Amino acid sequence: MRHRRTLWFWVFTGPFALGLALFTYVPLLWSVALSFFDAHNTVTPTDFAGLGNYTAMLRDGAFTDSLRTFLLFTAFIVPVTYVSSLALALMVNRVRWARAFFRSVFFLPAACSYVVAALIWKTSIFSGVRFGLANTVLGWFGGEPVAWLSTTDPPWYWLVIVTVRLWLQAGFYMILFLAGLQRIDPVLYEAAAVDGARPGWTVLRHITLPQLRGTSVAVVLLLVVGAFQAFDEFYNLLSDARGYPPYARPPLVYLYYTALGQGQNLGLGSAGAVILALVVAVVTVAQTRWLRLGRTDGDG
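All of these numbers come straight from a predicted model, not from anything done at the bench. (Residues numbered from 1 in each chain as written. Predicted model: local features only at pLDDT ≥ 70, side-chain atom pairs only at ≥ 80, totals over all residues. Heavy atoms only, no water.)

1. Thoughts on the nonpolar core
Reasoning step 1: Counting residues in each nonpolar core, the largest one holds 57 residues, and the members touching the most others are Met57, Phe73, Tyr157, Ile161, Phe234, Leu237 and Leu238.
Reasoning step 2: Residue contributions to this core peak at 13 residues, all from helix H7 (residues 157–182). (Core = buried A, V, L, I, M, F, W, Y, C linked by side-chain atoms within 4.5 Å. Buried < 20%, exposed > 50% of the residue type's maximum accessible area, 1.4 Å probe, protein only. Helix = DSSP H or I, 4+ residues; strand = E, 2+ residues; numbered from the N terminus.)

Following this line, the structure appears as structure tokens:
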């Protein structure tokens, strides 16, 4: 019987484990290996470069600029998404009827493709032409049309990039906050009401937010890591037939052009990917230690 259970275990999990190894772990390991070689237009290089690719990437101003773009994007998207998703969760949690309907409506954009959403934002809402939705609304108030994605002073393209990601992911994090809110013991709110605390900021600050600490840490970590992985909305919003503009280029877009552009330098691209992965790991560990994730109040 035990042998039969083991056999059926591998029958069901074997194909998934094989696919994970072939399409995830093997490419990751091969990418690390390529980062130590001079790999121009080939995935089987022979010229060992040592740490030369890493040194070149760290000295590349375009790569460091892409990291600064990530920091700016994170400064926008993380707090805005956190506050928006928490506000949605608090509102939906207070709804007494049709709660499942509102939960589904706000979560539905999370099922939309980033590519599709970016194209809708680019061609219909912030198209930059007179009859685009955003410029139509501006025209109602006497404003002039704005070239949203090509104006760098002021950088209106940040409004487009942030709003499309906010629309796509706020509903997902709302669900996480809803799960956290439903785990809070109602006795805490009843005790606060007996003590004279009025519903509002006082209860939110002293009861709700402390009880949501674990959920908040998880949401912030996911938002930061997701910001590092930003590619689809940037590429599909800002690129055109002429290529990608020199501004607002996040790390993955830069690495894409480095590894798959005209230079086809897979060694440099792989080194940049490894550096980015290390940065993500360091930031994640630093956040978990700073926010004391996984520790109890009695831990030192």
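We are not done yet, so read on.
2. Here's the deal with a nonpolar patch on the surface
Reasoning step 1: On the surface, a nonpolar cluster with roughly 440 Å² of combined accessible area is contributed by Leu7, Trp8, Val11 and Phe12.
Reasoning step 2: Looking at where Leu7 falls in the secondary structure, it is placed in helix H1 (residues 2–34). (Patch = residues over 30% accessible without salt bridge, like charges linked within 9 Å, V, L, I, M, F, W, Y side chains within 5 Å. Areas by Shrake-Rupley, 256 points an atom, 1.4 Å probe, with all protein chains shown as cover. Salt bridge = Lys/Arg side-chain N within 4 Å of Asp/Glu carboxyl O.)

3. Focus: unusual backbone geometry
Reasoning step 1: Geometrically, the link from Asp153 to Pro154 is a cis peptide bond, its omega value of 0° lying close to zero.
Reasoning step 2: If you trace the backbone, Pro154 turns up in the loop between helix H6 (133–140) and H7.
Reasoning step 3: Within the chain, Ala98 stands out as a residue other than glycine whose phi angle is a positive 55°.
Reasoning step 4: With respect to the helices and strands, Ala98 occurs in the loop between helix H3 (61–94) and helix H4 (99–107).
Reasoning step 5: For Ala248, which is not a glycine, the phi torsion comes out positive at approximately 50°.

4. Here's the deal with the packing of helix H8 (residues 186–194) against helix H9 (residues 201–211)
Reasoning step 1: For the pair H8 and H9, interaxial distance at closest approach is 11 Å and the crossing angle is 165°. As judged from the angle between their axes, H8 and H9 are roughly antiparallel. Pair H8 / H9 crosses with right-handed handedness. In this structure, H8 uses Leu188, Tyr189 and Ala192 to contact H9, whose residues at the interface are Val203, Ile207, Thr208 and Gln211.
Reasoning step 2: Counted by class, the contact of H8 with H9 contains 5 nonpolar, 2 polar and no charged residues. (Axes fitted to C-alpha atoms, helices over the stretch in contact; angles between N-to-C directions. Parallel < 35°, antiparallel > 145°, perpendicular 65-115°, else oblique. Left-handed = near helix turned anticlockwise from the far one by under 90°. Contact = heavy atoms within 4.5 Å. Nonpolar A, V, L, I, M, F, W, Y, C, P; charged D, E, K, R; others polar.)

5. Section: the pattern of salt bridges
Reasoning step 1: Counting across every chain of the model gives 3 salt bridges.
Reasoning step 2: The residue Asp65 makes a salt bridge to Arg68 at a minimum N-O spacing of 2.0 Å. Residue Asp65 and its partner Arg68 are both found in helix H3; the two are separated by 3 residues, about one turn of the helix.
Reasoning step 3: Taking relative accessible area as the criterion, Asp65 reaches 38% and is therefore assigned partly exposed.
Reasoning step 4: Two residues, Asp240 and Arg242, come together in a salt bridge whose shortest N-O distance is 2.9 Å.
Reasoning step 5: Owing to a relative accessible area of 38%, Asp240 belongs among the partly exposed residues under this scheme.

6. Topic: the packing of helix H10 (residues 213–228) against helix H13 (residues 266–290)
Reasoning step 1: Between H10 and H13, the least distance of the axes is 11 Å, while the angle of their chain directions is 165°. The orientation of H10 with respect to H13, classified from their angle, is roughly antiparallel. Regarding H10 and H13, the two cross each other, and that crossing is right-handed. Residues Val220, Leu221, Val224, Val225 and Phe228 of H10 form the contact with H13, whose own contacting residues are Leu276, Val279, Val280, Val283, Thr284, Gln287 and Thr288.
Reasoning step 2: Residues of the contact of H10 with H13, tallied by class, amount to 9 nonpolar, 3 polar and no charged.

7. A short note on the packing of aromatic side chains
Reasoning step 1: What the rule picks out here adds up to 25 aromatic pairs.
Reasoning step 2: Arranged with centres 5.9 Å apart and planes meeting at 35°, the rings of Trp8 and Phe12 form a pair that is tilted. Of the two residues, Trp8 and Phe12 both sit in helix H1, 4 residues apart, roughly one turn of that helix.
Reasoning step 3: On the basis of an interplanar angle of 50° and a centroid distance of 5.5 Å, the ring pair of Phe36 and Tyr54 is categorised as tilted. (Phe/Tyr/Trp six-rings, centres within 6.5 Å; stacked < 30°, edge-to-face > 60°.)

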